Amino acid sequence: RRHTRFRNVTGVQTCALPISPSLGALLLATHASLRDDFEVSTPAMDAAVDAAVREPGVLGARLMGGGFGGCIVVLARADARLDGWRVRPSPGASLS
């Protein structure tokens, strides 16, 4: 499947790069694959991803976890204003 091939090749290469729009695009592409190829997303999760990426400073988002609903992860610039969103950086997160 496209998602597995894309994740195994591009994901490993992208992880070594600084936070960039290309990493955001990777998140969006893998979400699309989870939605379209694996059919594990829900309309609510798709709407959350779509709403998140419309916010200024958000680079990408995708469904996380086992699928069938749950949560999304959002990659955003440190100065992004995500009013109404509960945003918590993961432990050890750094932009340096």
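A quick note: this is a predicted structure, and the numbers were derived from the prediction, not measured. (Residues numbered from 1 in each chain as written. Predicted model: local features only at pLDDT ≥ 70, side-chain atom pairs only at ≥ 80, totals over all residues. Heavy atoms only, no water.)

## Structural notes on the pattern of salt bridges
The condition is simple: Take a side-chain nitrogen of Lys or Arg and a carboxyl oxygen of Asp or Glu: if they are within 4 Å of each other, that pair is a salt bridge. When accessible area is computed with a 1.4 Å probe and restricted to protein chains, residues below 20% of their type maximum are described as buried, those above 50% as exposed, and intermediate ones as partly exposed.
For the coordinates displayed, the defined rule picks out one salt bridge. Across the salt bridge formed by R35 and D36, the nearest N and O atoms sit 2.7 Å from each other. Classification of R35 by relative accessible area gives partly exposed; the value is 32%. Of the residues examined, D36 reaches a relative accessible area of 41% and is grouped as partly exposed.

## Let's talk about helix α2 (residues 21-36)
This is how the line gets drawn: Each helix is a run of DSSP H or I of at least 4 residues and each strand a run of E of at least 2, with the numbering of both proceeding from the N terminus. Expected helix span is given by 1.5 Å per residue-to-residue step, counting one fewer step than there are residues.
Here α2 contains 16 residues, and its C-alpha end-to-end distance of 22 Å stays within 8% of the 22 Å for a straight helix at 1.5 Å per residue. Those residues of α2 lying buried are G24, L26, L27, T30, H31, A32, S33 and L34.

## Some points on helix α3 (residues 43-53)
The line we're drawing: Directions from the helix axis toward the C-beta atoms define the arc. What makes two residues a contact is simply this: any of their non-hydrogen atoms within 4.5 Å.
For α3, the full list of buried residues reads M45, D46, A48, V49 and A52. The buried residues of α3 all sit within an arc of 160 degrees when viewed along its axis, so they share a single face. With respect to the buried face of α3, the exposed residues turned more than 90 degrees away are P43 and A44. In this structure, the buried residues of α3 make contact with α2, β1 (58-64) and β2 (71-76).

## A short note on the confidence of the model for the protein
Using the following cut-off: Summary of the metric used: pLDDT quantifies the predictor's per-residue confidence within the range 0 to 100.
In the predicted model, the protein carries a mean pLDDT of 75, and 66% of its residues have values of at least 70. When pLDDT is averaged over each helix and strand of the protein, the minimum, 44, is found for helix α1 (residues 2-15) and the maximum, 91, for α3. Below pLDDT 50 for its whole length, residues 3-17 participates in 17 contacts with residues either more than four positions away or in separate chains.

## Quick look at the packing of α2 against α3
Rules: Here an angle of 0 to 180 degrees is reported between the N-to-C directions of two axes, which are lines fitted to C-alpha atoms, with helices fitted over the stretch in contact. Any angle between 65 and 115 degrees counts as roughly perpendicular, while under 35 counts as roughly parallel, over 145 as roughly antiparallel, and the rest as oblique. A crossing counts as left-handed when the near helix is turned anticlockwise from the far one by less than a right angle, and as right-handed when that turn is clockwise.
Where α2 contacts α3, the two axes come as close as 11 Å, and the packing angle between them is 165 degrees. Accordingly, the angle class assigned to the pair α2 and α3 is roughly antiparallel. Crossing geometry of α2 relative to α3 is assigned as left-handed. Contact residues: α2 offers L28, H31 and R35, while α3 offers M45, D46, V49 and V53.

## Regarding the environment of D83
Mapping D83 onto the fold places it in the segment after β2. Through-space distance from the C-alpha of D83 to that of E55 is 9.0 Å; in sequence the pair is 28 residues apart.

## Brief notes about the environment of A29
The residue A29 is located in helix α2 in this model. The partly exposed category is assigned to A29, whose relative accessible area is 31%. Taking the C-alpha atoms as reference points, A29 and A61, separated by 32 residues in sequence, lie 9.3 Å from one another.

## Quick notes on unusual backbone geometry
With a phi angle near 55 degrees, E39 is a residue other than glycine that sits in the positive phi range. Within the fold, E39 resides in the loop between α2 and α3. What makes E39 exposed here is its relative accessible area of 60%.

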